Number of protein chains: 2
Amino acid sequence: MINSANQLSLIPLSGVGDVTRNMYVYQYQNQILLVDCGLGFADETMLGIDLLIPDISYLQNAIKQGKKIVGMLITHGHEDHMGALPFILPQLPDFPIYATPLTAELANGKLQDFGVAKKVEIVPLESDHELHLGVFSAQFIRVTHSVVDTSHIFIRTPIGNFYHGSDFKIDPNPYDGKPTDKAKIMRLAKMGVVCLLSDCLGAEKKGTTPSEQPLTDFFYEEMKKAQGKFIVTTYSSNINRLNQVLTAAQKLGKRISFVGRSLINTMDVAKEMKLVNIPKGMEIRIDQIKQYKSNQLVLFVAGSQGQENSALTRIANNEHRDVKLSGLDTVVFSSDPIPGNEISVNTLIDSLLRLGCNVLYSSIAPTHVSGHGSSDELIELMQMVKPKKMLPIGGNFKHMVAYRKLAEANGYRKEDVFLPNDGQEIVFTQNGARLGQQFNVRKVYVDELSGEEVESYVLRDRQRLSQDGVVAIIAEIEGETGRLAQKPTVIVRGLSDTDTDTIIKVTQSELQRMFVKKATTNNLLYLRKQVGKTIEERLFRKYRKRPLILPIVIEV
Amino acid sequence: MINSANQLSLIPLSGVGDVTRNMYVYQYQNQILLVDCGLGFADETMLGIDLLIPDISYLQNAIKQGKKIVGMLITHGHEDHMGALPFILPQLPDFPIYATPLTAELANGKLQDFGVAKKVEIVPLESDHELHLGVFSAQFIRVTHSVVDTSHIFIRTPIGNFYHGSDFKIDPNPYDGKPTDKAKIMRLAKMGVVCLLSDCLGAEKKGTTPSEQPLTDFFYEEMKKAQGKFIVTTYSSNINRLNQVLTAAQKLGKRISFVGRSLINTMDVAKEMKLVNIPKGMEIRIDQIKQYKSNQLVLFVAGSQGQENSALTRIANNEHRDVKLSGLDTVVFSSDPIPGNEISVNTLIDSLLRLGCNVLYSSIAPTHVSGHGSSDELIELMQMVKPKKMLPIGGNFKHMVAYRKLAEANGYRKEDVFLPNDGQEIVFTQNGARLGQQFNVRKVYVDELSGEEVESYVLRDRQRLSQDGVVAIIAEIEGETGRLAQKPTVIVRGLSDTDTDTIIKVTQSELQRMFVKKATTNNLLYLRKQVGKTIEERLFRKYRKRPLILPIVIEV
């Protein structure tokens, strides 16, 4: 007979169905192990908001009920896997956090930036050290991705083993000579795997993601041809890519310089950890570039996504103090636009082309390869791990469905692949797995500067303000008669002149009617609500517009 | 000696460097010929705005100076080539407008919808009829694209011939059996061509855009397999594509129905013009589908771009009265996301997949081919037309640059290809061509409902409102003393609770200080400005935020 307590709950708090905000709960009895703690990025509907974080109310309730977080493991140093740490950690009790060396450095740096005192522990990657965290034990497995030190995690639990296969590809020739550790994957998988959680972002792509290797030659050849400055932009954390450019620059005797705060921060970490090795005298400060001929210069510049205030956007708009571009210069986008950034990246490319620069980007030149494996690599992992069940993670729902098709083509049944929503518990027992409870998870918005959560009604207000503007109405009421003392003041912003004029007229006449017709009351709050409601309805009937109404009633 | 008056000015009012809003001026002495009059589509920075239209102030000035518009020619029935007619025509004197049959019908329909009385004339396409418009004469040339009846235009002017090669591809096997009329292109080109204006959107793509032909079999095979309803979404104007689906549906004895206003409108035009032929009894109204088994039904549904209020989005959200989806149904996206729509299209695909539908889209199945030619087709047109000069149109600046590379690879010099900005005059004489004046062109925003222009300061207000909210301040001043009569009322919207509380406190104390310290004046307007300025500066210093301030000063 099965003990009902002998079960493991796996709950993706977020990260299934929307690529980012990765955070996963493994819970056995009253012990919880967490994996990742990532940010999401705002889209155009989230006005004035930059970031989303996972909703941890499930964890907060669990703690109230006496459950304990025994630890957290971080798979790699990308924002969507560890960027929410400074916002989440202060809301939870202390627990140990583990990550491989670079990931830990990047996470610690982030916590320091936000003034959160919490040391992320570092586990040596090369050994077969096994972490013990309550009833769980865990081992990191080295995989290739677009940031070095990326890991998968083999998690042993009382009901069986889980393979947490976050973002990866299987590049046989990564620049740092550290390929995916297939031997370790297969050795551990022999113990049996209850469930494989797998990256699925590349599930729609046939074949294999190309190796990073040919990029080294590409950079060398283009740099050799370059008549002016050679500028490279990529994700700041892609240290292997930076090393490929560095190698070419060194061979050609160029000087290098870094532009942009995020990039400089990452380079400081990378230098300290000896992940990059820049010969003495090769690196110069950006304000020293005037001392060199432009064809002696290779610049790494942050801002590959066309972000508004990034170094590259400022350079393209000729607003950067030190870097001015001419028709001789070359700019290489060694990155692809993240979905949603297509227009800003295209605008940036166009601006650089208008300056006459030679601009190379992935649709016209081999400037970039993805950090995510394509379908053959996803299948290879599936075949190495041989799981009973699967859970595709880190993709849109369409990627999860495409992953399930791959699994079905490889002999699995449809029901072996879970496609849950965020907050959906999956219950594993020694006998099998089933869907459990659906916990309620909200979208949690964070203001990047203050770190404060922004409630969704604030966003709804902003949405209305951004579409239909605002109407402030000040009605002065005679205390004795309850009538308007004079024509109400009406201020309209965010609407066209014609709309503004009509709204003022309509509002004034409506209010005059209202305060003559109705029996008035001296309850100013009531009157205020009344004014707001009446005008809102009237404007919607007339214009199909819903400006935000700010009614103020004053007794004079 | 060259008469300085013997020159032709070509001015792209818009349509170079941003794909949409196509509108071109050909001007000889005091006669102006216009080509196209297209809309642009708003991006996320244009809050509450749906549309952009070309800036016609150049034309309005020209008319004041006694110049005359002798006519307008429309290349094809897409919104970005004719959608601005209802907004532009009422602002200009009357002139004749010509287009091929379907284009003319679609344009007339648009004008009727907006209540603009202006009959677009129809020129029979098949004949070699030559239009005479002042000093210009023009012939339409049939080309293939994603809407039938698309034309290029051969324009004869006193200084030589122009080939206006708007959107096209060279599909040898279009569904309607009407391929690009290469014979006519070559015959006309023999007269010599001063300048080729050419579609350049596909210039980054190698080879040839695949034919539409295999799609017919694809639809048939998928429809045959379908266990439930078979739903197809595409651009409403893609009548050939709809015919391919109809053919499959007819072979399989299915009933068809159309969902979405834009689609029904286009189908009405297409039926009237005998461009589609639906056998009696095959088409049913959408409220009749309950009478049929779901696998008897093929539905054409509008909303391939994931537009918020489109039929397909409502169906996916289970908000459509007549159409409910189940796991047996198939939905085919026979279209690609327009840049900027990637997220809304992905969200829509995910919603449909969550309902369990079988969703087919272009990254996993051959559901769509582009209407724009790839580089080989662009080169083929170049070689048929043999122009002296070239002007790539209808692309981003990066596509224009890619087009210039194609021209250079085909024996042209860099300076033979103009890459102007919007409003840049190019002056052609019998001796050559040079850049002329740069006319000032603004972005003109239009409210889709009212048709009214929206000034850019309105957008700036909305931008601020959407990021940082609004603060209304009501200061009541004692008439005699000029001091605050009571604590000012402060209303904050669009900011978080903590921000709101602090802003109210800061504003109240700042105002109390202000009206004690300063010598006051009874000029309420002056006081109002003063309050606004003071609070704005204070909040920005303290929060780095710039809510829109609405200050009101009232004397009591």
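Please read all numbers here as calculations on a predicted model, not as lab measurements.

## Remarks on the overall build of chain A
Right, on to step 1. Looking only at helices and strands, chain A has 15 helices and 26 strands in total.
Right, on to step 2. C-alpha atoms of chain A, sized along the principal axes, occupy 90 × 80 × 45 Å.
Right, on to step 3. A buried classification covers 59% of the 556 residues belonging to chain A.
Right, on to step 4. Considering only contacts within chain A whose residues lie at least 6 apart along the sequence, 71% involve residues at least 24 apart.

## Some details on the sheet that holds strand 15 (residues 255-259) of chain A
Residues and elements named next belong to chain A.
Right, on to step 1. A sheet is described by the order of its strands in space; here five strands give the open sequence 15-16-14-17-18, paired in parallel fashion. Across the chains shown, the open sheet's two edge strands, defined by having one partner strand only, are strand 15 and strand 18 (358-360). Shown here is a sheet whose adjacent strand axes are inclined to one another by a mean of 20 degrees, direction ignored.
Right, on to step 2. In this sheet, strand 16 (residues 297-301) lies alongside strand 15 in parallel orientation, the contact comprising five bridges. Bridging across to strand 16, S257 finds its partner in L299.
Right, on to step 3. Across the sheet, helix 6 (residues 214-225) touches strand 14 (230-233), strand 16, strand 17 (330-333) and strand 18, and the angle it forms with strand 14 is around 150 degrees.

## Remarks on the interface of chain A and chain B
Right, on to step 1. Taken together, the contact pairs 59 residues of chain A with 59 residues of chain B.
Right, on to step 2. Between chain A and chain B, roughly 5,200 Å² of surface is buried when both sides are summed, and carbon and sulfur atoms account for 55% of that area.
Right, on to step 3. Counting the surface chain A buries against chain B, the share from its top three residues, R354, K398 and R493 of chain A, is 11%.
Right, on to step 4. Of the charged contacts, one joins R493 of chain A and D461 of chain B as a salt bridge, the two residues approaching to 2.8 Å between their closest N and O atoms.
Right, on to step 5. At the boundary of chain A with chain B, the tally comes to 16 residue pairs in polar contact (both at pLDDT 80 or more).
Right, on to step 6. Taken together, the elements giving at least two residues each to the side of chain A that touches chain B come down to helix 10 (342-354), helix 12 (397-409), helix 13 (456-468), strand 24 (470-477), strand 25 (489-493), helix 14 (497-517) and strand 26 (548-555) of chain A.

## A short note on the environment of M382 of chain B
Residues and elements named next belong to chain B.
Right, on to step 1. Positionally, M382 belongs in helix 11 (residues 375-385).
Right, on to step 2. On the basis of relative accessible area, M382 is assigned to the buried category, the value being 2%.
Right, on to step 3. Leave out the neighbours within four places in its chain, and M382 touches L196, P387, M390, Y403, L406, A407, N410 and Y412.

## Observations concerning the relation of the copies chain A and chain B
Right, on to step 1. Overlaying chain A with chain B gives an RMSD of 0.1 Å, the required rotation being 180 degrees about an axis along which the chain moves by 0.1 Å. In short, the pair behaves as if placed about a two-fold rotation axis. Rotation axis and chain A: the residue whose C-alpha lies nearest the axis is S466 of chain A, separated from it by 2.4 Å.
Right, on to step 2. Taken together, the interface assignments show that 100% of the residues at the interface of chain A recur at the interface of chain B, consistent with an identical surface on both copies.

## A word on the nonpolar core
Right, on to step 1. Formed by 84 residues in total, the largest nonpolar core has its most connected members in Y26 and F162 of chain A together with F333 of chain B.
Right, on to step 2. No other element matches helix 12 of chain A, which puts seven residues into this core.
Right, on to step 3. Beyond its immediate chain neighbours, meaning those up to four positions away, Y26 of chain A contacts L8, S9, L10, Q31, I32, L33, V35, F136, I155, F162, H164 and L197 of chain A.
Right, on to step 4. The next biggest cluster of nonpolar side chains, apart from the first, holds 83 residues, and it includes I284 of chain A together with L131, F136 and C195 of chain B.

## Section: the packing of helix 4 (residues 101-113) of chain A against helix 8 (residues 261-272) of chain A
All names here are of chain A.
Right, on to step 1. The geometry of helix 4 relative to helix 8 is characterised by a closest axis approach of 10 Å and an angle of 140 degrees between their N-to-C directions. One element, helix 4, and the other, helix 8, form an angle in the oblique class. Of the two possible hands of crossing, helix 4 and helix 8 adopt the one that is right-handed. Contact residues: L102, E105 and L106 in helix 4; T266, V269 and E272 in helix 8.
Right, on to step 2. The residue inventory of the contact of helix 4 with helix 8, partitioned by class, reads three nonpolar, one polar and two charged.

## As for the environment of R261 of chain B
All names here are of chain B.
Right, on to step 1. Tracing the backbone shows R261 in helix 8 (residues 261-272).
Right, on to step 2. Exposure remark for R261: the relative accessible area of 64% places this residue in the exposed category.
Right, on to step 3. A sequence separation of 47 residues divides R261 from E308, and the C-alpha atoms of the two residues are 14 Å apart.

## Some thoughts on unusual backbone geometry
All names here are of chain B.
Right, on to step 1. Even without glycine at this site, V19 takes up a positive phi of about 65 degrees.
Right, on to step 2. Residue position: V19 is located in the loop between strand 1 (8-14) and strand 2 (23-28).
Right, on to step 3. Of note, D149 is a non-glycine position whose phi angle comes to about 65 degrees, a positive value.
Right, on to step 4. Of note, D149 is situated in the loop between strand 10 (136-142) and strand 11 (151-157).
Right, on to step 5. According to the relative accessible area criterion, D149 is buried, its value standing at 16%.

## What about the sheet that holds strand 10 of chain B?
All names here are of chain B.
Right, on to step 1. Strand order in the open sheet formed by six strands is 9-10-11-12-13-19, with mixed pairing between adjacent strands. Whereas interior strands pair on both sides, the edge strands pair on one side only; in this sheet they are strand 9 (131-133) and strand 19 (387-393). This sheet shows a mean twist of 20 degrees between the axes of neighbouring strands, independent of strand direction.
Right, on to step 2. Sitting on the sheet, helix 11 touches strand 11, strand 12 (160-165), strand 13 (193-199) and strand 19, and the angle it makes with strand 13 is about 165 degrees.
Right, on to step 3. Most of the contacts of helix 12 (residues 397-409) go to strand 19, to which it runs at about 155 degrees, and overall it touches strand 13 and strand 19.

## A short note on helix 1 (residues 57-64) of chain A
Residue and element names in this part refer to chain A.
Right, on to step 1. All of the buried residues in helix 1 are Y58, L59 and A62. Down the axis of helix 1, the buried set is contained in an arc of 95 degrees. They therefore lie on one face.
Right, on to step 2. A positive phi of about 95 degrees marks G66, the residue just after helix 1.

## Regarding the packing of aromatic side chains
Right, on to step 1. Applying the stated criterion to the full structure yields 14 aromatic pairs over all chains.
Right, on to step 2. When the centroid spacing of 5.0 Å and the interplanar angle of 10 degrees are considered together, the rings of F258 of chain A and F300 of chain A count as stacked. Residue F258 of chain A is located in strand 15, and its partner F300 of chain A is located in strand 16; the two are separated by 42 residues in the primary sequence. One exposure class covers both F258 of chain A and F300 of chain A, and it is buried.
Right, on to step 3. In textbook terms, an aromatic cluster arises when at least three aromatic residues are bridged by ring pairs, as seen for Y26, F162, F418 and F428 of chain A.
Right, on to step 4. The positively charged end of K251 of chain B is found above the aromatic ring belonging to Y220 of chain B, 5.1 Å away from the centroid.
Right, on to step 5. The aromatic ring of F540 of chain B is capped on one face by R546 of chain B, whose charged end is 3.9 Å from the ring centroid.

## A word on the side chain of S257 of chain B
Right, on to step 1. Within the element layout of this structure, S257 of chain B appears in strand 15 (residues 255-259).
Right, on to step 2. Overall, S257 of chain B belongs to the buried group, its relative accessible area being 1%.

## With respect to the confidence of the model for chain A
Right, on to step 1. For chain A, per-residue confidence averages 91 on the pLDDT scale, and 96% of positions sit at 70 or higher.
Right, on to step 2. Across the assembled chains, the prediction reports ipTM 0.85 with pTM 0.87.

## Digging into helix 13 of chain A
Residues and elements named next belong to chain A.
Right, on to step 1. Here helix 13 spans 18 Å end to end across 13 residues, near enough to the 18 Å set by a 1.5 Å rise per residue.
Right, on to step 2. Every buried residue belonging to helix 13 is among V458, L459, D461, R462, L465, S466 and D468, and all of these are buried.
Right, on to step 3. G469 sits one or two positions beyond helix 13 and adopts a positive phi of about 70 degrees.

## Details of the pattern of salt bridges
Any two side chains of opposite charge can pair, on the condition that their charged atoms come close.
All names here are of chain A.
Right, on to step 1. Inspection of the entire model under this criterion finds 46 salt bridges over all chains.
Right, on to step 2. In this structure, R241 engages E212 in a salt bridge whose closest nitrogen and oxygen atoms are separated by 2.9 Å. Taken together, the residues R241 in helix 7 (residues 239-251) and E212 in the loop between strand 13 (193-199) and helix 6 connect sequence positions 29 residues apart. Neither R241 nor E212 differs from the other in exposure class; each is buried.
Right, on to step 3. With a shortest N-O distance of 3.2 Å, K389 and D416 are connected by a salt bridge. In this pair, K389 sits in strand 19 (residues 387-393) while D416 sits in the loop between helix 12 and strand 20 (424-429), placing the two residues 27 residues apart along the sequence.
Right, on to step 4. A relative accessible area of 14% means that K389 is categorised as buried.

So, how was this worked out
Residues numbered from 1 in each chain as written. Chains lettered and ligands numbered in written order. Predicted model: local features only at pLDDT ≥ 70, side-chain atom pairs only at ≥ 80, totals over all residues. Heavy atoms only, no water. Helix = DSSP H or I, 4+ residues; strand = E, 2+ residues; numbered from the N terminus. Buried < 20%, exposed > 50% of the residue type's maximum accessible area, 1.4 Å probe, protein only. Contact = heavy atoms within 4.5 Å. Pairing = 2+ DSSP bridges. Axes fitted to C-alpha atoms, helices over the stretch in contact; angles between N-to-C directions. Buried area = accessible area lost by both parts, 1.4 Å probe. Salt bridge = Lys/Arg side-chain N within 4 Å of Asp/Glu carboxyl O. Polar contact = N/O pair within 3.5 Å; in protein donor to acceptor, adjacent residues only side chain to side chain. Least-squares fit on C-alpha atoms with pLDDT ≥ 70 in both. Core = buried A, V, L, I, M, F, W, Y, C linked by side-chain atoms within 4.5 Å. Parallel < 35°, antiparallel > 145°, perpendicular 65-115°, else oblique. Left-handed = near helix turned anticlockwise from the far one by under 90°. Nonpolar A, V, L, I, M, F, W, Y, C, P; charged D, E, K, R; others polar. Arc of directions from axis to C-beta. Phe/Tyr/Trp six-rings, centres within 6.5 Å; stacked < 30°, edge-to-face > 60°. Lys NZ or Arg CZ within 6 Å of the ring centre and 35° of its normal. pLDDT = per-residue confidence, 0-100. Expected span 1.5 Å × (residues − 1).

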